[in-house]
Amino acid sequence: MTKVRTRPPLVNRTSLTRGRFIAGFLSVPVLLYLIYVIAPYAQAFYIATTDWRGVSASPRFVALENFKRLLSDDVFWTAIGHNGLLLVLMPLLTIVIALFFAFLLNAGGASGGVSGVWGSRFYRVVFFFPQVLAVAIVAVLFQQVFRPDRSGMLNAPLMALGLEPIGFLSDPGVAFWSILGVLVWQAVGFYVVLFSAGMASIPREMYEAAQIDGAGRGQLFFGVTLPLLWDTVQVGWIYLGIAALDVFAIVWVMTAEHGGPDHSTTVMAAEIYRNAFQYFKFGYASAMGVVLFFFTVAFAVVAMRLSRRERIEF
Amino acid sequence: MADNPFSRRELLRSAALAGLLLPSAGALSACASPGGGDSGGPKPAATGPKTAANPLGIPEDRPFEVVVFDGGFGDAYARDVHEPLFVSRHPKVQIKHSATKEIAKTLQPRFAGGDPPEFVNNSGDNAMDFGALAQDGQLQDLGELLDAPSWDDPGVKVRDTILASAVELGTYDGKYCVLNYANTVWGIWYSKKLFADNGWQVPRTWDEFTTLCEKIKKSGRCAPFTYAGKHPFYIYETILTLSAKIGGADVLKNIDNLADGAWKAEPVAKAAGAFADIGAKYLLQGTEGLDHIQTQTAHNKYEVAMLPCGSWLENEQKDTTPADFGYAMFPLPSFTGSDALPYGTLHSRPGEEFFVAARSANPRAGMEYMRAMLSKEGAGKFTELVSTLTVVKGAAEGRALKPGLQSAAAALKEAGANVTYFRFRQWYKELHDEVAAATGQLMAGRLKVGEWADRIQKKSDEIRNDSSVKKFTR
């Protein structure tokens, strides 16, 4: 009590004004966030406990029945499996490829570490192309690339050689890997640019010092580039993880039966969409949404834990 | 106050969380919450005096809304045929017309909000679920329309001018509430020119069919058979029709009623086995990865001889069909001499659904609009415009039909009462998806007939035991 009184009253007033000032700026975005983000979430949790089919004004409360049914829904578990696989493979492949390209573009040149390969400015633009295309366009484009007849870009040469065409999207054993390929193809460009920016901020002297000590390209990469780029890689990994949990449009537009053939490429978001907007089981779909929500939160927590690591100051 | 407002980590964390929350919220926040509008029961529907010229008693001065699915049929038939026909008898009624490719996305929020349009053409990939609509009492009872005098002849009831199957198919819970307007005929389609040039004959028995396939394969001219591999409905339709021909119409009734073991019945297994065999030996290369347009275009290029489809085919392909192609169809060949149904049996069913929203402001005007559609003029001009038969008896007579439609109309006439159909596709979309997925695998040789039947039967049983799904019987 006495301590408060000893503070100069002027400071108190400033902090009050400042508080009001900040609140004035924050209240509108917070309100918008509450209405458009938090409220739909709360609603989804409520709808998940009903058997609402989308048109009724008074849905029936069914408690946890939707979740019980989810446990024995094979297709949903297949979808979760695919998301899990994507969560591991998509960031891994994308980051490895993007790091490789970014290193070549920035430090892979013939002069050994200080400049990129010949034509790197051109490649940098080309790598970014997929990022500029709308997802639906990418999906339709690859539908044509993967066509199983003589009009398919990949199968035409195979068939010209007298080989059997590969059912990139029609063979359930292959389709998922085709999807993964497209996802990685689409993501790599952005991360090449991101990592390039990170590499550009690494001081040249470090490379030169390492070179004087006799380091080759591989040693330069693992000894200098990668440790100094670790923060950027972490950010990339989290973004890609989110993207992997959120895959939808590519699968929905590109595959037969929207996630087929025979559920071989389906993902959680596709199952949510299917149950909500095709089967009109909004309650059940919301239950899936709730599960997806907990998966993403869990991923965020794990990602934060794992990425807690000492930074290298330079 | 803290001097150090945010650490980098916290900033990253909140950014990542916001990124997580936003995209997955998108899917669900798009759907309207229930109970938005007035849920206190239906509003009283607008009415007017009943007269001979206005037997349904519509209010002559109140507007109503027509929403048409802008798909294969387009919306010209509504704008240029049905709406002018309606207005010719009710000049003071204003029609608000709109067309959309996304029926559910456009209209579902309006139904949930209590402000639906009067007349809806609920069709296409994004149609609203009829089971859900019926369950919720959104469908206007059209019984009165059936008993009203027909548009052309006041002495004949509407009921007697349309096919009986249209009434059965439009009945939910004993209430006739969905108008199935177009009448589709399924069969195996071929090019008369290609068949004539090579001296190939239309097969009447399964042996003749497989012999023909073998002959075409050996000739090297083209592949014998294909179907829309990406949409296995096209081939499971054929399998089910053949099983009905082998075992009788009850085979399909049991399937629709989700009966125990319906998918494991012998006729179903025989038909599935027969087509799995075709799939193993005679398919166009790459079939399972092609969609309906791609296979149908291959057909037009004479790369394949036969494919199963409905009578909309000719219209759908009108831009790629060579002038002398000569579209024609034949019914499924007889499997054995002891089939339950005779040669010529067809899968034919009214489709293209229209309904009147029970809780709209002016439902009677929607019903009157249907009465106009079911006139000889309304139906006949529809047939000419979109090359599709309707459920109105004899409406196509005297109209100029294209060769494919002519052949379908002739096959339908020959079939007489031997017409089969199934309804689970509309009733239980989940089952349809599972049958499609499994049948695609069956045709590709990755599922045996027994496994195929087990899988589908399991789904059928699951739906039967799911209390949240409304059940139908026929």
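Position labels on residues start from 1 in each chain and follow its written sequence. A letter from A marks each chain and a number from 1 marks each ligand, given out in the order of writing. Where totals are concerned, whole chains, interfaces and linings use all residues; where local detail is concerned, this predicted model gives features only for residues with pLDDT of at least 70, and gives and counts side-chain atom pairs only at 80 or more. Heavy atoms throughout the structure, all of them, feed into the side-chain values; hydrogens and water do not.

Enquirer: Is there a simple way to think about the overall build of chain B in this case?
Expert: In this description a helix means any DSSP run of H or I spanning at least four residues, a strand means any run of E spanning at least two, and both kinds are numbered starting from the N terminus. Scanning chain B from N- to C-terminus turns up 19 helices and 12 strands. The globule rule puts the C-alpha radius of gyration for 474 residues at 23 Å, and the 25 Å found for chain B is close to it. Classification of the 474 residues of chain B by burial places 56% in the buried group. Look at the contacts in chain B between residues 6 or more apart in sequence, and 75% of them connect residues 24 or more apart. Of the accessible surface of chain B, which amounts to about 18600 Å², a share of 51% is contributed by carbon and sulfur atoms. Positive charges come from Lys and Arg alone, negative charges from Asp and Glu alone, with His and the N- and C-terminal ends not counted. A charged residue contributes its charge at one atom only: NZ of Lys, CZ of Arg, CG of Asp or CD of Glu. The positive charge centre, built from 53 side chains, and the negative charge centre, built from 57, are 1 Å apart in chain B. We take the radius of gyration over the C-alpha atoms and set the globule estimate at 2.2 Å times the residue count to the 0.38 power. For every residue, the accessible area obtained with a 1.4 Å probe (protein chains only) is divided by the maximum for its type, and the residue is called buried under 20%, exposed over 50%, and partly exposed between those limits. Residue contacts are defined here by distance: any two heavy atoms, one from each residue, within 4.5 Å place the two residues in contact. Using a 1.4 Å probe, accessible areas were evaluated by the Shrake-Rupley method; residue-level cover was limited to the displayed protein chains.

Enquirer: Would you take a moment to explain the nonpolar core for this structure?
Expert: Proteins that are soluble and globular tend to have nonpolar side chains buried together. Residue and element names in this part refer to chain B. Nonpolar core, defined: a set of buried Ala, Val, Leu, Ile, Met, Phe, Trp, Tyr and Cys residues in which side-chain atoms within 4.5 Å join the residues together. Core analysis: the largest hydrophobic core is formed by 170 residues, its most contacted members being Met-128, Trp-263, Phe-275, Met-306, Phe-424 and Trp-452. Contacts of Phe-424, omitting those with residues within four sequence positions, involve Tyr-236, Leu-240, Ile-255, Asp-256, Trp-263, Lys-429, Leu-431, His-432 and Val-435. Core analysis: the second largest hydrophobic core is formed by 37 residues, Leu-146, Val-158, Ala-365 and Met-370 among them.

Enquirer: What exactly am I supposed to notice about the packing of aromatic side chains here?
Expert: In this description, a pair of aromatic rings is defined by centroid distance and the angle of the planes. Note on aromatic pairs: the rings of Phe, Tyr and Trp (six-membered ring only in Trp) are paired at centre separations within 6.5 Å, and the planes decide the class, stacked below 30 degrees, edge-to-face beyond 60, tilted for the rest. Tallied over the entire structure, the rule returns 62 aromatic pairs over all chains. Centre to centre, the rings of Tyr-41 of chain A and Phe-293 of chain A are 5.0 Å apart; their planes meet at 55 degrees, and the pair counts as tilted. Residue Tyr-41 of chain A is found in helix α2 (residues 9-47), and its partner Phe-293 of chain A is found in helix α13 (residues 282-306); the two are separated by 252 residues along the sequence. Given a relative accessible area of 16%, Phe-293 of chain A falls into the buried group. An angle of 65 degrees between the planes, with centres 6.2 Å apart, marks the rings of Phe-280 of chain A and Phe-282 of chain A as edge-to-face. Taken individually, Phe-280 of chain A and Phe-282 of chain A each receive the classification buried, so the pair is uniform in this respect. One aromatic cluster in this structure is built from Phe-64, Phe-73, Tyr-77, Phe-86, Phe-119, Tyr-181, Phe-354, Tyr-369 and Phe-382 of chain B. When the NZ atom of lysine or the CZ atom of arginine is within 6 Å of a ring's centre and also within 35 degrees of its normal, the charge is said to sit over that ring. Above the plane of the ring of Tyr-284 of chain A lies Lys-281 of chain A, whose end atom (NZ or CZ) is 5.2 Å from the centre.

Enquirer: Please explain unusual backbone geometry as it appears in this structure.
Expert: Trans is the prevailing form of peptide bonds, just as negative phi is the prevailing case for residues other than glycine. Look at Phe-280 of chain A: it is not a glycine, yet its phi comes out positive at around 55 degrees. With respect to the secondary-structure elements, Phe-280 of chain A resides in the loop between α12 (268-278) and α13. By relative accessible area, Phe-280 of chain A is classed as buried at 4%. Phi at Tyr-302 of chain B is positive, roughly 60 degrees, even though this residue is not glycine. Note that Tyr-302 of chain B resides in the loop between α12 (292-300) and β8 (304-310).

Enquirer: Looking at this model, I keep getting lost on the layout of surface pockets. Mind explaining?
Expert: In this approach a probe as big as a water molecule rolls over the atoms, and the regions it shows empty are the leftover space. All names here are of chain B. Put simply, the second largest pocket is a space of about 880 Å³. Those elements giving two or more residues to the lining of the second largest pocket turn out to be α11 (266-281) and α12. Per element, the largest residue contribution to the lining of the second largest pocket is 4 residues, and it comes from α12. Looking at side-chain class alone, the lining of the second largest pocket contains 16 nonpolar, 10 polar and 10 charged residues. Lining residues are defined by having an atom within 4 Å of a point belonging to a cavity or pocket. Those points lie on a 1 Å grid over the protein atoms alone, cavities being sets where a 1.4 Å probe fits but cannot get out and pockets being open sets with protein on both sides within 12 Å along at least five of seven lines. Grid points are joined across faces, edges and corners, and a volume is the space filled by probe spheres set on the points. Only Asp, Glu, Lys and Arg are considered charged, only Ala, Val, Leu, Ile, Met, Phe, Trp, Tyr, Cys and Pro nonpolar, and every remaining residue, Gly among them, polar.

Enquirer: Can you walk me through the domain arrangement of chain B in this structure?
Expert: It is common to give the size of an interface as the accessible area that goes away when the parts come together. Residues and elements named next belong to chain B. Where each domain starts and ends follows an automatic or database-derived domain assignment. We note that the domain assignment places domain 1 (64-182 + 349-410) and domain 2 (185-346 + 423-464) within chain B. Computed over C-alpha atoms, the centres of domain 1 and domain 2 are 29 Å apart. Taken together, the contact between domain 1 and domain 2 spans 17 residues of the former and 13 residues of the latter. For the pair domain 1 and domain 2, the summed buried surface comes to about 1400 Å²; carbon and sulfur atoms form 47% of the total. Note: buried area is the sum, over both parts, of the accessible area (probe 1.4 Å) each one loses when the two are combined.

Enquirer: Explanation requested: the pairing of strand β1 (residues 64-69) of chain B in the structure shown.
Expert: Walk down a regular strand and you will see the side chains alternate between the two sheet faces. Residue and element names in this part refer to chain B. Within β1, 6 of the 6 residues are buried, which leaves it mostly tucked inside the rest of the structure. Alternating positions in β1 separate into two faces, Phe-64, Val-66 and Val-68 on one and Glu-65, Val-67 and Phe-69 on the other, with burial throughout. Seen with its strands pointing away from the viewer, a crossover is right-handed if its path from the first strand over the helix to the second goes clockwise. Once the chain exits β1 it traverses helix α2 (residues 76-89) before rejoining the sheet at strand β2 (residues 95-100), and the crossover so formed is right-handed. In short, DSSP must find at least two bridges between two strands for them to pair. Across 2 bridges, β1 lies against strand β3 (residues 119-121) in parallel orientation. From the neighbouring strand, Val-67 faces β3, where its bridge partner is Val-120.

Enquirer: Help me understand the packing of helix α4 (residues 74-107) of chain A against helix α8 (residues 175-200) of chain A in this model?
Expert: A pair of packed helices is characterised by two quantities: the angle between their axes and the separation of those axes. Residue and element names in this part refer to chain A. Where α4 meets α8, the closest approach of the two axes is 7 Å, and the angle between their N-to-C directions is 40 degrees. In terms of their interaxial angle, α4 and α8 are classed as oblique. The chirality of how α4 crosses α8 is right-handed. Per-class residue counts for the contact of α4 with α8 are 24 nonpolar, 4 polar and no charged. Axis definition: a line fitted to C-alpha atoms, over the contacting stretch in the case of helices. Angles run 0 to 180 degrees between N-to-C directions. Angle categories are assigned with fixed cut-offs, so that under 35 degrees is roughly parallel, over 145 is roughly antiparallel, 65 to 115 is roughly perpendicular, and the rest are oblique. We call a crossing left-handed when the near helix sits turned anticlockwise from the far one by less than a right angle, and right-handed when that turn is clockwise.

Enquirer: I'm lost on the pattern of salt bridges in this one. Help?
Expert: Opposite charge on two side chains makes pairing possible when the charged atoms of those side chains draw close. We define a salt bridge as a side-chain nitrogen of Lys or Arg found within 4 Å of a carboxyl oxygen belonging to Asp or Glu. This model, assessed by the stated rule, comprises 42 salt bridges over all chains. Of the charged contacts, one joins Asp-171 of chain A and Arg-446 of chain B as a salt bridge, the two residues approaching to 3.7 Å between their closest N and O atoms. Of the two residues, Asp-171 of chain A is situated in the loop between α7 (155-160) and α8 and Arg-446 of chain B in the loop between α18 (429-443) and α19 (449-464); the pairing between them involves two chains. Note on Arg-446 of chain B: relative accessible area 35%, which makes it partly exposed. With a closest N to O distance of 3.0 Å, Glu-434 of chain B and Arg-455 of chain B form a salt bridge. One end of the pair, Glu-434 of chain B, is in helix α18; the other, Arg-455 of chain B, is in helix α19, with 21 residues separating them in the sequence. Taking the relative accessible area as the measure of exposure, Arg-455 of chain B reaches 21% and is therefore partly exposed. In the salt-bridge network here, residues are joined through shared partners; they are Glu-65, Arg-69 and Lys-281 of chain A together with Glu-430, Lys-459, Glu-462 and Asp-466 of chain B.

Enquirer: Would you explain the pairing of β2 of chain B in this entry?
Expert: Summarising the sheet, β1 of chain B and β2 of chain B pair through 6 bridges and their orientation is parallel. When the bridges of β2 of chain B are listed, Val-66 of chain B appears paired with His-97 of chain B.

Enquirer: I keep staring at the confidence of the model for chain B and nothing clicks. Help me out?
Expert: The predicted coordinates should not be examined in detail at positions where pLDDT is low. Residue and element names in this part refer to chain B. Of the residues in chain B, 91% have a pLDDT of 70 or more, and the chain-wide mean is 86. The score called pLDDT rates the predictor's confidence residue by residue, from a low of 0 to a high of 100. Helix α1 (residues 8-29) is the least confidently modelled element of chain B, averaging 42 in pLDDT, while β3 averages 95, the highest of any element. Note on residues 1-42: pLDDT under 50 across the span, and 53 contacts to partners over four residues away in sequence or across chains.

Enquirer: What is the right way to read helix α15 (residues 376-386) of chain B from this model?
Expert: Side chains of residues three or four places apart in an α-helix project in the same direction, reflecting 3.6 residues per turn. Residue and element names in this part refer to chain B. Listed as buried for α15 are Gly-378, Ala-379, Gly-380, Phe-382, Thr-383 and Val-386. Of the surrounding secondary structure, the elements contacted by the buried residues of α15 are α2, β6 (179-191), α13 (313-316), α14 (363-373), β11 (389-390) and α16 (403-415). Note on α15: the residue one or two positions beyond its end, Ser-387, has a positive phi of about 55 degrees.

Enquirer: Could you clarify how one ought to interpret the domain arrangement of chain A in this entry?
Expert: Residues and elements named next belong to chain A. Domain assignment breaks chain A into domain 1 (2-47) and domain 2 (73-306). Each of domain 1 and domain 2 has a C-alpha centre, and the two are 39 Å apart. With 4 residues of domain 1 at the interface, the matching set in domain 2 holds 6 residues. Buried surface at the junction of domain 1 and domain 2, summed over both partners, amounts to about 400 Å²; 82% is from carbon and sulfur atoms.

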